[in-house]
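Here are the chains, one letter per residue:
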Amino acid sequence: MKSRINLKLCIAFLFFSCVTLMFAGIALASEGVRRPRVGNPARHSYPALGAGNERKVRVAWNRYYDHAGLTAILARLNKAFPELTRLYSIGKSTQGRELSCLEVTARNVGDPDRKPGMYIDGNIHGNEVQAAETVAYTAWYLCHQYGRLEKVTELLDGRIFYLVPTINPDGRDSWLSLGGRARSGLEPTDDDRDGLADEDDAEDLNNDGQITMMRIKDPHGRFKLHPDYPEQVMIRTKPGEAGEYNLLGWEGIDNDGDGEINEDGRGGYDLNRNWAYDWQPQYIQYGAKDYPFSQPETSAVAEFVLAHTNIAAAQSYHNAGGMILRSPGREGGEIQGRDERVLSLIADRGEKILPFYRSMIIWKDLYTTWGNEIDWLYGGRGILAFTNELWTSRNLYRSSDAPSDEQEAEFIKYVLIGDGFVPWKEFEHPTYGTIEIGGEKKEWGRVPPSFLLEEELHRNMAFTLYHADMMPLLQISEVRVEPLGESLFKIWVTIENKRLIPTRTGQDVVHHISSPDIVSLEGDDIRVLSSGRVTDRFFKRAEAVKRRPERVELDTIDGMNATRVQFIVEGKGEFTVTVDSTKAGLLKKLQLLPSSN
């Protein structure tokens, strides 16, 4: 009887176990039905306008990269696009970091060294970091859009880009990784003239990874908390009004015991005041350093530009303020009238491409600078160049007016959800006693937040590609032969420049910086008797050359214009017309003299 009961219990247990497993299986199966199958989202994505679907090199453009990261991006582009790129170093920084240059052009179309060149660099100031990302983004975009977008294909077939993302990698890495606010290069410099160099920099006292502000409670202070934004905004007290705080500057202590704090930080000079045009010494221009091109970074760029005489246009990216700056840097600085007109026209287009940016002349609309980079590029090399000051706070609310302190606080609170600000916390300072440390993060104000960064990169790149497209584009549009007698011919040659920038700028012509443009004619059975530049095509007047009639030297071929030359030749058969321009390339056209039969 007992065994029968045990048998029944076993059968019941097995039955309920099976039922339980069955329902569990049904539940798992049901759960499996509800769970979607996971695939690679990249295979199911569709590109938005402005970007193709192909991504041979995947880069997140909503963040910043240190020098090693930027170099890795360039190296990956070079590996993925060997038919478009070359990667090399143009020199080294003070601390030995390579100044990497990615050359981008259609290498199998024409001679790369004879194409009009566009030089682009950024981040000459260490804290102006998005400048380097803009240059790297330009390289990435050009590579991926070649063969897809007609304009990009046309540009790379006919032009060459020299892209150097950062020419101050030391300052950049310091700003990104050390929590500092370095603008300078990092050659040790004795700012306070006490015989020591870089001995008293700002420092992260509370070890929170940020160097922010120090403040101290003081009933006689000049600041008080904002009634609506007490955590984020401090306002100045009115005359006769009691205060609450005094500001003490960036975090730091008196490292050298001289009674001052943070008076001798890392570096302490300005690489954008070290160029050999309108340079002035330290007592006139702060940050100028010892002499022009004294620093390895500026010297490397200068040597590169001097070696690449085909460079016809240049762009240097800085931050901030939303400006398209052009020379001169000082009142009375050199600028030829026709060059100013071309720069102004290009900048006018830039204001349309870049909302809330303003076209400005450095000395007139900003402040005086001596020995800056684009003054040297223009004044010393005859290159039309701009400095773009990337990012403007007007873009926070898409308004032509700069946001108020209250609006910026609202943006941090409601759009950035608090990111951008470090809450104030007490700290025992060895000199000041109980203080508070906090305030805006160093990224706020100078660089765009992540979701606006890619827009900034793309729009500035678009402006620079427009600038590059305006470099001289020559075409031998007509070669007309007029018989003069037996075996004697007059040959009319028309050369058109189909873009805004002349083959040689006014500055170039006046100071004889590069070689004149040369139009020549040759043939095995042809002798050139005379030649000249046509000064009046209707009355057929020409300015004859005095020697070597087989070639005509031209000062320049103006933008959106045509120049004509004529040759008187004797002979028969084929002849070749060659146009050789340092900044506009080499053109040849083969033609046959008419037979006398």
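Definitions and limits used
- Residues numbered from 1 in each chain as written.
- Predicted model: local features only at pLDDT ≥ 70, side-chain atom pairs only at ≥ 80, totals over all residues.
- Heavy atoms only, no water.
- Helix = DSSP H or I, 4+ residues; strand = E, 2+ residues; numbered from the N terminus.
- Rg over C-alpha atoms; globule rule 2.2 N^0.38 Å.
- Buried < 20%, exposed > 50% of the residue type's maximum accessible area, 1.4 Å probe, protein only.
- Contact = heavy atoms within 4.5 Å.
- Core = buried A, V, L, I, M, F, W, Y, C linked by side-chain atoms within 4.5 Å.
- Disulfide = S-S within 2.5 Å.
- Pairing = 2+ DSSP bridges.
- Axes fitted to C-alpha atoms, helices over the stretch in contact; angles between N-to-C directions.
- Polar contact = N/O pair within 3.5 Å; in protein donor to acceptor, adjacent residues only side chain to side chain.

Engineer: Let's hear about the overall build of the protein chain: which residues, and what values?
Structural biologist: Counting secondary structure elements, the protein chain contains 12 helices and 23 strands. Computed over C-alpha atoms, the radius of gyration of the protein chain comes to 33 Å, more than 25% over the 25 Å expected from 2.2 N^0.38 for 597 residues, which places it beyond the range of a compact globule. On the principal axes, the C-alpha backbone points of the protein chain span a range of 135 × 90 × 45 Å. Counting the 597 residues in the protein chain, one finds 48% classified as buried. In the protein chain, the share of contacts with a sequence separation of at least 24, taken over all contacts with a separation of at least 6, comes to 73%.

Engineer: Please set out the nonpolar core residue by residue, giving values where relevant.
Structural biologist: Counting 54 residues, the largest nonpolar core has W61, L77, V104, W140, F161 and I501 as the members making the most contacts within it. With 10 residues, the single largest contributor to this core is helix α3 (residues 130-145). Sequence-distant contacts of I501, that is, excluding residues within four places in its chain, are made with A313, V342, I346, L384, H467, M470, M471, P472 and G559.

Engineer: Could you give an account of the state of the cysteines, with specific residues and numbers?
Structural biologist: In this structure the tally under the stated criterion is zero disulfides. A disulfide-free cysteine, C101 has its sulfur positioned 12 Å from the sulfur of C143, the nearest such atom. Residue C101 is classed as buried on the basis of its relative accessible area, which comes to 0%.

Engineer: How would you explain the sheet that holds strand β21 (residues 561-571) if you had to name every residue and give the values?
Structural biologist: Adjacent strands of a sheet form backbone hydrogen bonds with each other and so pair up, either parallel or antiparallel. If you trace the five strands from one edge of the open sheet to the other, you get β15-β16-β21-β18-β19, paired in antiparallel fashion. Every other strand in the sheet has two partners, leaving β15 (474-485) and β19 (541-544) as the edge strands with one partner each. The average undirected angle you get between the axes of adjacent strands in this sheet is 30 degrees. Direction of pairing for β15 relative to strand β16 (residues 488-497): antiparallel, over a ladder of 10 bridges. Looking at the pairing, I476 lines up with I495 of β16.

Engineer: Can you tell me about the side chain of Q232, naming the residues and giving the values?
Structural biologist: For Q232, the location among the structural elements is in the loop between β6 (223-225) and β7 (234-236). At 3.5 Å, the side chain of Q232 and the backbone oxygen of A409 are in polar contact. Leave out the neighbours within four places in its chain, and Q232 touches A409, I412, K413 and F421.

Engineer: Just give me the short version of the pairing of strand β9 (residues 311-319), but keep the residues and values in it.
Structural biologist: Across the nine residues that make up β9, a large majority, nine, are buried. As judged from the six bridges shared by strand β3 (residues 117-122) and β9, these two strands associate in the parallel manner. If you follow M118 over to β9, its bridge partner there is A313.

Engineer: Residues and numbers for the pairing of β3, please.
Structural biologist: Of all the six residues making up β3, six are buried; the element is thus mostly covered by neighbouring parts of the structure. Every second residue of β3 is oriented toward a common face, with G117, Y119 and D121 on one face and M118, I120 and G122 on the other, all of them buried. Two elements, β3 and strand β4 (residues 160-164), share five bridges in a ladder whose sense is parallel. In the strand pairing of β4, D121 is matched with V164.

Engineer: Report on the sheet that holds strand β17 (residues 517-522), specifying residues and quantitative values.
Structural biologist: Read across the sheet, four strands follow the order β20-β17-β22-β23 without closing on themselves; strand pairing throughout is antiparallel. Looking at strand neighbours, the two that pair on one side only are β20 (551-554) and β23 (585-592), the edges of this open sheet. Across the sheet, the mean angle separating the axes of adjacent strands is 15 degrees when strand polarity is ignored. With eight bridges joining them, strand β22 (residues 574-581) and β23 adopt antiparallel strand pairing. Its bridge partner being in β23, F575 is matched across the sheet by Q591.

Geometry only, nothing functional implied.
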